[in-house]
Amino acid sequence: MKSFFTLLLFALLLIAVQPASAQSGQATVNDTAQYPYWIQMMQDPNANFFATQRAFNLYWQDRPIDKGKGWKPFKRWENYMKDRVLPDGSKPSPDQVISAYQNYFQLNDQSSTTSGNWTPQGPFSLPSDKGYKGLGRINTVGFHPTDPNTIYVGAPAGGLWKTTVGGNSWTTTTDMLPTLGVSAVAVDPTDPNVVYIGTGDRDAGDAPGVGVMKSIDAGNTWTAANATMGNVIVGKLLISPADHLKIYAATLSGIFVSNDGAATWTKKIGGDFKDILFKPNSTTILYAVRSGAFYRSLDAGETWTQLANGLASGTRGVIGVTPANPEVIYFMLAQSDNGFSAMFRSMDGGESFTQRSNSPNILGWSCDGSDGGGQAWYDLAIAVDLLNADIVYTGGVDVWKSTNGGTSWFINAHWYGGCGVPAVHADQHFFAFNPINNRLYIGNDGGVYWTDNGGSSWNEISSGLNISQAYKIGQSATVDDLVANGYQDNGTSLQDGNTWYAIGGGDGMECAIDQSDPMYRYTTVYYGAINRVYGTSNQGTIAANGVNGIDEEGAWVTPFLIDENDPNIMFIGYKNVWRSYNIKAANPGTVKWKKISTLNTSNFDVLEQSPANTNILYAGCGGNLYITSEAYAETPNWITLTTNLVGSGSITDLEAHPFLENVVYMCRGNKVYKSEDKGSTWTDISGTLPDIHNSTIVYYKSSQEGLYVGTDAGVYYRENGMTDWIPFITGLPANAKVTELEIYYDPAGPAGDRIKAGTYGRGMWKSEMYSNTPTADFTADPLLIPYGCTVNFKDLSSGVPTQWSWSFPGGQ
């Protein structure tokens, strides 16, 4: 393993992304209340996190928060980034995780001690009611030059996937790459074994970019191809039709050109470029977009000129061309509210444009385009029919179509199948026609679809893509393969054996399964709206702002827990801690809640109850920590532990010892800590864990203080008898961002115990527990024992014995 990781030590050079300058007529760069500069800032690795938050909040302070306006994608990014930035708001470098991961293996030489037996659990297929319930986001689609059944797709946090059977099955070979974000793919038309991918998440920052990577064996293995390019997010790749060694990359740092098959790159123009393409039938004329500005090159990409004759200014644009008429260019532009600005068309290769339409709002949510705004900074796509230059397809939230050159529009597919048109998952990121069979392929937040009949029907081919972005999981205490999973964009799904069911919509967050009656399941969406599900039927909302007496909302991912002993009791962390004694009331509208804290005005991130003493309840908020030993009291007394904490950063997880009520473990920042006095003092037990973000920690009861910690680069394990953590990663993708760990305890014994991991981009995984030969050991203090003195024995046994005991005859 170590030799493999040594090969991954690429020369990854950080190049700052230059934010696009404001176009004429726009507000000044400091006017964040009027212009959404937070969009560029969140994708700029050098933009301060807190400044980006401020810009976002100023922009939205006097605007209604509606669907499809960009609020949700930002909140997803904010939730991800807030726990990973430095105290001053600086973002980690794009290669920070993989560098720390590689350094860990170099310095510790632990290749021989890697453990785990992880296998993917899915979801691999969509539930029967598809529509807005998908598997995960797709940013790009690439085609084999001669085989229509060989297709590549790229996920923003799940890597590159390939099918050779038209989408009936998919495989991936990118799990060990430095990043699992893929936003561009290009296949060499003269040698389809040569494949290039552009890394990073072009549209939302879910994964860092490390430039271009290359395969010469049809995607089976990969090498870095970013020399002189560095760690940039690549939004689009092109191969010259005249020279297969000439590659073009549109990146968030500018347009790069390689003349030697991606061995080296030269930047030709700076700025935020997301789209680039050739004029049909030309080898020297290219078009590109920098934010909302249209550019053309007449010399094969050496120089670029902005063309604006007839165009308006805007925030983001995309280009559509067709071999049916190479002189035709469509330029779709979004405006400052990220709704539809206008569709422009050129009939002379970009020399001049005319406006074809500026309504309806084809980038919003409504069936007739009567709403305002949109989220074009996040989802924007266009494609022109290969045989008819007047037929244009566009994508924002939904799919729209024009048959008269963009003059008028009608909705072609709807995010849940409303409006009298087929269901296609929301938020369109990529459109492209396969030139071999004229099928239109699209990638969106749910997966991959295609049509060959103008959109009268759409075929979903996502099954097999294990790319779900799990926020949290909820493991049944009584059934192994009964696990609820909450996903970005794709609701909450339930694994029941080999079948997955959709049991919640929206963005699925924290979830739980009743420990005594697993038919009761609980799902949440953003800000803490909790629904109760029986079997697979949603019984209704039991908790939310404005529901059952609750008068506040919580964090994007709101923590809640079912009481360790009584499944009728639940605690929720909104801005305060709330408690209910009757969460299984026959009518969800009669569930009663009581606010049991008045601690702060910020949202809680973590709740943890002690299994050893269920009166003990911990609540974490950012870098603040509180405890009560009166969780069931009418008015519990809370003690602030914040001043006792060590380290820095947000508290991301707490784990109370299952048997010792004074012991609790904490993930904070990139460290792991232990307290033996209920949080009054803390000891750093991080050892040589890689210096990366820790999201979750669990205690394995059938061990001697066995701890599993989930990080942005897999899982690590430690128990008594070990001098340090060991990597528990065998089978896991190298950059699997583990968001939550939970353990299933088999009633038949520890041999059947299993650990589950939810990942942000690669779905759910499962492994047997760490296993080694049980070792009996203890220490005695003192070793020379005067008559009548006390001897203290400490058990140092390790491994997973089912039971053991010590006997020390001769004592009194």
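This structure is a prediction, so every number in the text was calculated from the model and none was measured. Going along each chain's sequence as written, the residues are numbered from 1 onward. Per-residue local features are limited, in this predicted model, to residues with pLDDT of at least 70; the limit for side-chain atom pairs, both in listing and counting, is 80 or more; totals at the level of whole chains, interfaces and linings are taken over all residues. Side-chain measures here rest on the full set of heavy atoms in the structure, leaving out hydrogens and waters.

Some words on the overall build of the protein
For step 1, the next point in the chain: Working definition: helices are DSSP H or I runs of at least four residues, strands are E runs of at least two. Numbering for both runs from the N terminus. Per the secondary structure count, the protein includes five helices and 58 strands.
For step 2, the next point in the chain: Over its C-alpha atoms, taken along the principal directions, the protein stretches across nearly 100 × 60 × 50 Å.
For step 3, the next point in the chain: The contact rule is simple, with two residues in contact once any of their heavy atoms fall within 4.5 Å. Across the protein, the fraction of contacts at a sequence separation of at least 24, relative to all contacts at a separation of at least 6, is 52%.
For step 4, the next point in the chain: Working definition of accessibility: Shrake-Rupley area with a 1.4 Å probe, residue cover restricted to the visible protein chains. Here the protein has roughly 28500 Å² of accessible surface; of this, 49% comes from carbon and sulfur atoms.
For step 5, the next point in the chain: Across the protein, the centroid of the 51 positively charged side chains sits 4 Å from that of the 75 negatively charged ones. His residues and chain termini do not enter the charge count, which takes Lys and Arg as positive and Asp and Glu as negative. Taken as the charge location is NZ of Lys, CZ of Arg, CG of Asp or CD of Glu.

Observations concerning the pattern of salt bridges
Opposite charge on two side chains lets them pair, provided their charged atoms get close.
For step 1, the next point in the chain: The salt bridge definition used is simple: a Lys or Arg side-chain nitrogen within 4 Å of an Asp or Glu carboxyl oxygen. Counting across every chain of the model gives 27 salt bridges.
For step 2, the next point in the chain: Of the charged contacts, one joins Lys-72 and Asp-507 as a salt bridge, the two residues approaching to 3.0 Å between their closest N and O atoms. One end of the pair, Lys-72, is in helix H4 (residues 71-81); the other, Asp-507, is in the loop between strand S33 (499-504) and strand S34 (511-513), and 435 residues separate them in sequence.
For step 3, the next point in the chain: The structure contains a network of salt bridges with shared partners spanning Lys-72, Arg-76, Asp-489 and Asp-507.

Concerning the sheet that holds strand S14 (residues 273-278)
For step 1, the next point in the chain: Two strands are counted as paired when DSSP detects at least two bridges linking them. Strand order in the open sheet formed by four strands is S14-S15-S16-S17, with antiparallel pairing between adjacent strands. At either end of the open sheet lies a strand with only one pairing partner, and these are S14 and strand S17 (305-306).

Here's the deal with the confidence of the model for the protein
For step 1, the next point in the chain: The predictor attaches a confidence to each residue, called pLDDT, with possible values from 0 through 100. In this model, the protein carries a mean pLDDT of 90, and residues with pLDDT of at least 70 account for 91%.
For step 2, the next point in the chain: Low pLDDT, under 50, characterises residues 1-29; the stretch is placed with 68 contacts to residues that sit more than four places away or in other chains.

Describing the packing of aromatic side chains
Each aromatic ring pair is specified by the distance between its two centres and by the angle formed by the two planes.
For step 1, the next point in the chain: Two aromatic rings from Phe, Tyr or Trp, using only the six-membered ring of Trp, form a pair when their centres are within 6.5 Å; if the ring planes differ by under 30 degrees the pair is stacked, by over 60 it is edge-to-face, and anything between is tilted. Applying the stated criterion across every chain, the model contains 43 aromatic pairs.
For step 2, the next point in the chain: Measuring from centroid to centroid gives 5.8 Å for Trp-118 and Phe-728, while their planes differ by 80°, and the two rings are edge-to-face. A residue pair is termed long-range when its members are at least 10 positions apart, and Trp-118 in the loop between helix H5 (96-108) and strand S1 (119-122) and Phe-728 in the loop between strand S53 (726-727) and strand S54 (738-744) qualify at 610 residues. With respect to class, Trp-118 is no different from Phe-728; both count as buried.
For step 3, the next point in the chain: Considering the side-chain rings of Tyr-248 and Phe-278, the 5.4 Å spacing of their centres and the 85° angle between planes classify their relative orientation as edge-to-face. Taken as a pair, Tyr-248 in strand S11 (residues 247-251) and Phe-278 in strand S14 lie far apart in primary sequence, 30 residues in all.
For step 4, the next point in the chain: Note on exposure labels: buried denotes an accessible area under 20% of the residue type's maximum, exposed denotes more than 50%, and partly exposed covers the range between, all computed with a 1.4 Å probe on protein chains only. Overall, the relative accessible area of 0% leaves Tyr-248 in the buried class.
For step 5, the next point in the chain: Consider the ring centre and the ring normal. A charge sits over the ring if Lys NZ or Arg CZ is within 6 Å of that centre and within 35 degrees of that normal. Lying across the ring of Tyr-59, Arg-63 places its NZ or CZ 3.8 Å from the centre.

Some remarks on the environment of Ile-692
For step 1, the next point in the chain: Along the chain, Ile-692 turns up in the loop between strand S49 (683-684) and strand S50 (694-700).
For step 2, the next point in the chain: As for Ile-692 and Ser-807, which are separated by 115 residues in sequence, their C-alpha atoms are 43 Å apart.
For step 3, the next point in the chain: Those residues in contact with Ile-692, other than ones at most four positions away along the chain, are Gln-96, Val-97, Ala-100, Asn-670, Thr-711, Asp-712 and Ala-713.

Some remarks on the nonpolar core
For step 1, the next point in the chain: Tyr-248, Ile-276, Tyr-287, Phe-294, Trp-304, Ile-319 and Phe-331 are the most contacted members of the largest nonpolar core, which has 30 residues in total.
For step 2, the next point in the chain: Every element with two or more residues in this core is listed here: S11, strand S12 (254-258), S14, strand S15 (286-290), strand S16 (293-297), strand S19 (329-334) and strand S20 (340-346).
For step 3, the next point in the chain: Among residues more than four places away in sequence, those in contact with Ile-276 are Lys-236, Leu-238, Tyr-248, Ala-250, Ile-255, Leu-286, Tyr-287, Ala-288 and Trp-304.
For step 4, the next point in the chain: Definition of nonpolar core: a set of buried residues of the types Ala, Val, Leu, Ile, Met, Phe, Trp, Tyr and Cys, connected through side-chain atoms within 4.5 Å. Of all hydrophobic cores here, the second largest spans 23 residues; its members include Met-42, Val-85, Tyr-471 and Tyr-760.

Structural notes on the packing of helix H3 (residues 49-60) against H4
If you want to describe how two helices pack, look at the angle between their axes and the distance between the axes.
For step 1, the next point in the chain: Two numbers describe how H3 lies on H4: the axes approach to 12 Å, and their chain directions differ by 155°. Classified by the angle their axes make, H3 and H4 are roughly antiparallel. Crossing angle aside, the handedness with which H3 passes H4 is left-handed. For the pair formed by H3 and H4, the contact residues are Phe-49, Thr-52, Gln-53, Phe-56 and Trp-60 on the first element and Trp-71, Phe-74, Lys-75, Trp-77, Glu-78 and Met-81 on the second. Comment: axis = line fitted to C-alpha atoms, over the contacting stretch for helices; angle = value between 0 and 180 degrees taken between N-to-C directions. To sort the angles, those under 35 degrees are grouped as roughly parallel, those over 145 as roughly antiparallel, those from 65 to 115 as roughly perpendicular, and the leftovers as oblique. Handedness of a crossing follows from how the near helix is turned relative to the far one, being left-handed for an anticlockwise turn of less than a right angle and right-handed for a clockwise one.

Focus on unusual backbone geometry
For step 1, the next point in the chain: Omega for the bond connecting Gly-122 with Pro-123 falls within 30 degrees of zero, at 10°, which places this linkage in the cis form.
For step 2, the next point in the chain: Checked against the element boundaries, Pro-123 lands in the loop between S1 and strand S2 (140-143).
For step 3, the next point in the chain: A cis amide bond links Ser-359 with the next residue in sequence, Pro-360, at an omega value of -5°.
For step 4, the next point in the chain: Tracing the backbone shows Pro-360 in the loop between strand S21 (354-357) and strand S22 (381-384).
For step 5, the next point in the chain: Non-glycine residue Asn-438 carries a positive phi angle of around 60°.
For step 6, the next point in the chain: As for its position among the elements, Asn-438 is in the loop between strand S26 (428-434) and strand S27 (439-444).
For step 7, the next point in the chain: According to the relative accessible area criterion, Asn-438 is partly exposed, its value standing at 31%.

Section: the environment of Glu-327
For step 1, the next point in the chain: Note that Glu-327 resides in the loop between strand S18 (316-320) and S19.
For step 2, the next point in the chain: It is 40 Å that separates the C-alpha atoms of Glu-327 and Ala-33, two residues lying 294 residues apart in sequence.
For step 3, the next point in the chain: Ignoring anything within four residues of it in the chain, the contact list for Glu-327 reads Lys-279, Ser-346, Met-347, Asp-348 and Gly-349.

What about the sheet that holds strand S13 (residues 266-270)?
For step 1, the next point in the chain: Read from one edge of the open sheet, four strands run S10-S11-S12-S13, paired in antiparallel fashion. Since the sheet does not close on itself, it has two edges, and those belong to strand S10 (234-239) and S13, each with one partner. Geometrically, the sheet is characterised by an average inter-axis angle of 20° between neighbouring strands, direction not taken into account.
For step 2, the next point in the chain: Across five bridges, the pairing between S11 and S12 is antiparallel. Each residue of the ladder has a partner; that of Thr-251, found in S12, is Gly-254.

Quick look at the side chain of Ser-650
For step 1, the next point in the chain: Mapped onto the secondary structure, Ser-650 falls in the loop between strand S45 (638-640) and strand S46 (651-656).
For step 2, the next point in the chain: Take Ser-650: its relative accessible area is 16%, and that puts it in the buried class.
For step 3, the next point in the chain: In this structure Ser-650 touches Lys-82, Asp-83, Gly-622, Gly-623, Cys-667, Arg-668 and Gly-669, once residues within four positions along its chain are discounted.

Some remarks on the side chain of Ser-366
For step 1, the next point in the chain: Structurally, Ser-366 is set in the loop between S21 and S22.
For step 2, the next point in the chain: A distance of 3.0 Å separates a polar atom in the side chain of Ser-366 from the backbone nitrogen of Gly-369.
For step 3, the next point in the chain: Setting aside residues no more than four positions away along its own chain, Ser-366 makes contact with Asp-371 and Trp-400. Residues adjacent in sequence count toward polar contacts only when both atoms are side-chain atoms; beyond that, a polar contact is any pair of N or O atoms within 3.5 Å, and within protein one must be able to donate a hydrogen and the other to accept it.

Observations regarding the pairing of strand S35 (residues 520-525)
For step 1, the next point in the chain: For S35, the tally of buried residues reaches six of six residues, placing the bulk of the element in the interior.
For step 2, the next point in the chain: Burial along S35 is two-sided: Tyr-520, Tyr-522 and Thr-524 and Arg-521, Thr-523 and Val-525, pointing in opposite directions, are all buried.
For step 3, the next point in the chain: Where S34 meets S35, three bridges bridge the pair, whose relative direction is antiparallel. Paired with Cys-511 across the bridge in S35 is Thr-523.
For step 4, the next point in the chain: Hairpin connection of S34 to S35: six residues between the antiparallel strands.
For step 5, the next point in the chain: Where S35 meets strand S36 (residues 529-534), six bridges bridge the pair, whose relative direction is antiparallel. Directly across from Thr-523, in S36, lies its bridge partner Asn-531.
For step 6, the next point in the chain: Remark: three residues form the turn of the hairpin made by S35 and S36, two consecutive strands paired antiparallel; Tyr-527 in that turn has positive phi of roughly 70°.

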